[in-house]
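Per-entry structural report
The residues making up each chain are set out below.
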Amino acid sequence: MRLERITLREIRMPLVHFFETSFGRTTERRMILVEAAGEGASGWGEVTCGENPFYNEEWTESAWLILRDYAAPRVLGGEIAGAAEAGARTAHIRGHQMARAGLEAAMWDLEARLAGRPLWRHIGGTRTEIACGVSIGIQDSVEQLLGKIETELAAGYQRIKIKIKPGWDVEVVRAVRERFPAIKLMADANSAYRLSDADHLKQLDQFYLMMIEQPLAHDDIIDHAALQARLDTPICLDECIRNARMAEQAIEMRACGIINIKLGRVGGFAEARRIHDVCRERGVPVWCGGMLEAGVGRAHNIALSTLDNFVLPGDVSASRRYWKRDIITPPVEVTPAGVIQVREEPGFGYALDLDYIRQITVREETLR
Ligand code: OSB
Ligand code: MG
């Protein structure tokens, strides 16, 4: 594979509803789209980092500079064996997995398109439909949260994840459980607690959650192991797991029973697949996390979710939950049974709405 041009575009999109986690509230997304062009075709990727370095160390500005100055120059010009090698080309960059993943995903999409194959088959996926859950942010009131859960269940979603933080946790989960005793329910803390909160978190065991996601520090596997030993509820790691080695070590240490895989957080499809395999060999289920993606990132998440150890419903849901108009057509739809039907078109499977992308692009730069 030979790349002739990489175009970076920053787009801005207001969310239909604000999204609040323990680290802050988001009302508008700023994403970078990566177009990798070569051999007469284009592949597209999306950088999934936040607007601020609060989920991890990356944000839109850092990703732009990493792509422009470090990642793109490493893949332009010369011959590349294939998309599976793209990640290795930029592996000398420490951290910044989300910036690197946006480029890597574009190269996988390009490779699949050149082969005339859907991306999900190209990466070895087998599922033709994927199970969907939703992630519901912290709301202004418990009543509002209960109303949102009601709406999502009525739409067919198979599991509900709510965000928690100190002051919005045990009593909120209790209220949700009282109203919905039988649903698949989980909570995500985005690193809002310390190991010294173990007694407090232990109270969540009474609500038989499917899992508690990333309760402790974003970079601490050891404390998660200590906490897991005290909880009946499985811990699911998100922020902590940046590569297959860390997944292996976390499982070995019994720091978690489940792992959330995000393409961006782990640097792309090649590493996501390695984590998937490590988990499968050790009997650890995985699911696909989300980062409030626009259509390109959402389509890549769908492709990833077709790998066979994605056995739990993920955070990949319909475009309309986030956007009035998505950048792909058709938008991502979820059936009343709570699944997304996987598409057979070459590449990531949806058409780009280039008119709309042009309208919402605030900066663009082409590298050759
Ligand atoms: O921790 O999974 C997370 C959104 C932004 C940052 C971190 C997370 C999330 C989500 C949203 O939970 C998932 C989605 O609906 O895209
Ligand atoms: Mg999470």
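Thresholds, definitions, all that
- Residues numbered from 1 in each chain as written.
- Chains lettered and ligands numbered in written order.
- Predicted model: local features only at pLDDT ≥ 70, side-chain atom pairs only at ≥ 80, totals over all residues.
- Heavy atoms only, no water.
- Donors = N, O, S within 2.8 Å, 3.2 Å for Na, K, Ca; no water.
- Helix = DSSP H or I, 4+ residues; strand = E, 2+ residues; numbered from the N terminus.
- Buried < 20%, exposed > 50% of the residue type's maximum accessible area, 1.4 Å probe, protein only.
- Phe/Tyr/Trp six-rings, centres within 6.5 Å; stacked < 30°, edge-to-face > 60°.
- Lys NZ or Arg CZ within 6 Å of the ring centre and 35° of its normal.
- Axes fitted to C-alpha atoms, helices over the stretch in contact; angles between N-to-C directions.
- Parallel < 35°, antiparallel > 145°, perpendicular 65-115°, else oblique.
- Left-handed = near helix turned anticlockwise from the far one by under 90°.
- Contact = heavy atoms within 4.5 Å.
- Nonpolar A, V, L, I, M, F, W, Y, C, P; charged D, E, K, R; others polar.
- Near = heavy atom within 4 Å.
- Polar contact = N/O pair within 3.5 Å; in protein donor to acceptor, adjacent residues only side chain to side chain.
- Areas by Shrake-Rupley, 256 points an atom, 1.4 Å probe, with all protein chains shown as cover.
- Disulfide = S-S within 2.5 Å.
- Pairing = 2+ DSSP bridges.

**Topic: the coordination of the magnesium ion (ligand 2)**
Distances from the magnesium ion (ligand 2) to its protein donors, namely Asp188 (OD), Glu213 (OE) and Asp238 (OD), fall within the range 2.1 to 2.3 Å. All donor residues of the magnesium ion (ligand 2) come from one chain, and their arrangement in sequence is D-x24-E-x24-D. Within this pair, whereas Asp188 is found in strand S7 (residues 185-188), its partner Glu213 is found in strand S8 (residues 212-213), the two being separated by 25 residues in sequence. Under the relative-accessibility criterion, Asp188 is labelled buried at 1%.

**Topic: the packing of aromatic side chains**
For the coordinates displayed, the defined rule picks out three aromatic pairs. Consider the rings of Trp108 and Phe269, whose centres lie 6.2 Å apart with planes at 65°: the pair is edge-to-face. Of this pair, Trp108 sits in helix H3 (residues 97-114) while Phe269 is found in helix H11 (residues 269-281), placing the two residues 161 residues apart along the sequence. By relative accessible area, Phe269 is classed as buried at 1%. Taking 6.2 Å as the distance between ring centres and 35° as the angle between the ring planes, the aromatic pair formed by Tyr322 and Trp323 counts as tilted. Like Tyr322, the residue Trp323 is buried in the burial classification. Taking the ring centre of Trp287 as reference, the NZ or CZ of Arg159 above it sits at 4.9 Å. The side chain of Arg298 reaches across the aromatic face of Tyr322, ending 3.9 Å from its centre.

**Looking at unusual backbone geometry**
Of note, the bond from Thr329 into Pro330 is cis; its omega dihedral lies within 30 degrees of zero at -15°. With respect to the helices and strands, the residue Pro330 is situated in the loop between strand S12 (328-329) and strand S13 (339-341). In this structure, Tyr208 takes a positive phi of about 40° despite not being glycine. Along the chain, Tyr208 turns up in the loop between helix H7 (198-202) and S8. Tyr208 sits in the partly exposed class, given a relative accessible area of 49%. We note that Leu292 has phi near 55°; this positive angle belongs to a residue other than glycine.

**Things to note about the packing of helix H1 (residues 60-75) against H3**
Two numbers describe a pair of packed helices, the interaxial angle and the distance between the axes. Two elements in contact, H1 and H3, have axes separated by 9 Å at closest approach and are oriented at 45°. Between H1 and H3, the angle is such that the two are oblique. Handedness of the H1/H3 crossing: right-handed. Within the contact between the two elements, H1 uses Ala63, Ile66, Leu67, Ala71, Ala72 and Val75 and H3 uses Ala99, Leu103 and Met107. Within the contact of H1 with H3, the residues separate by chemical class into nine nonpolar, no polar and no charged.

**Structural notes on the packing of helix H9 (residues 244-252) against H11**
At a closest axis distance of 8 Å, the pairing of H9 and H11 adopts a crossing angle of 20°. The orientation of H9 relative to H11 falls into the category roughly parallel. Like other packed secondary-structure pairs, H9 and H11 cross with a definite hand, here right-handed. Of the residues in H11, those touching H9 at Ala244, Ala247, Glu248 and Ile251 are Glu271, Arg274, Ile275, Val278 and Cys279. In the contact of H9 with H11, the residues fall into six nonpolar, no polar and three charged.

**A closer look at the site of ligand 1**
Around ligand 1 there are 17 residues in total, and Ser135, Asn190, Lys262, Leu292 and Tyr322 lie nearest to it. Asn190 has a polar side-chain atom sitting 2.7 Å from an oxygen atom of ligand 1. The fraction of the free accessible surface of ligand 1 (390 Å²) that becomes covered by protein chains is 97%. Of the residues in the shell around ligand 1, the class split is six nonpolar, three polar and eight charged.

**Observations concerning the state of the cysteines**
If you walk through the whole model with that rule in mind, you get zero disulfides. Note on Cys240: no disulfide assigned, nearest cysteine sulfur contributed by Cys256 at a separation of 8.7 Å. With relative accessibility at 2%, the residue Cys240 sits in the buried group. No disulfide involves Cys256; its sulfur sits 7.1 Å from that of Cys279, the nearest cysteine.

**Re the sheet that holds strand S3 (residues 41-47)**
Reading across from one edge, S3-S2-S1-S15 is the order of the four strands in this open sheet, with antiparallel pairing throughout. Looking at strand neighbours, the two that pair on one side only are S3 and strand S15 (361-367), the edges of this open sheet. Across the sheet, the mean angle from the axis of one strand to that of its neighbour is 25°, orientation sign disregarded. Summarising the sheet, strand S1 (residues 5-21) and strand S2 (residues 24-38) pair through 13 bridges and their orientation is antiparallel. Note on S2: the bridge partner recorded for Leu8 is Val34. Most of the contacts of helix H12 (residues 295-304) go to S3, to which it runs at about 95°, and overall it touches S2 and S3.

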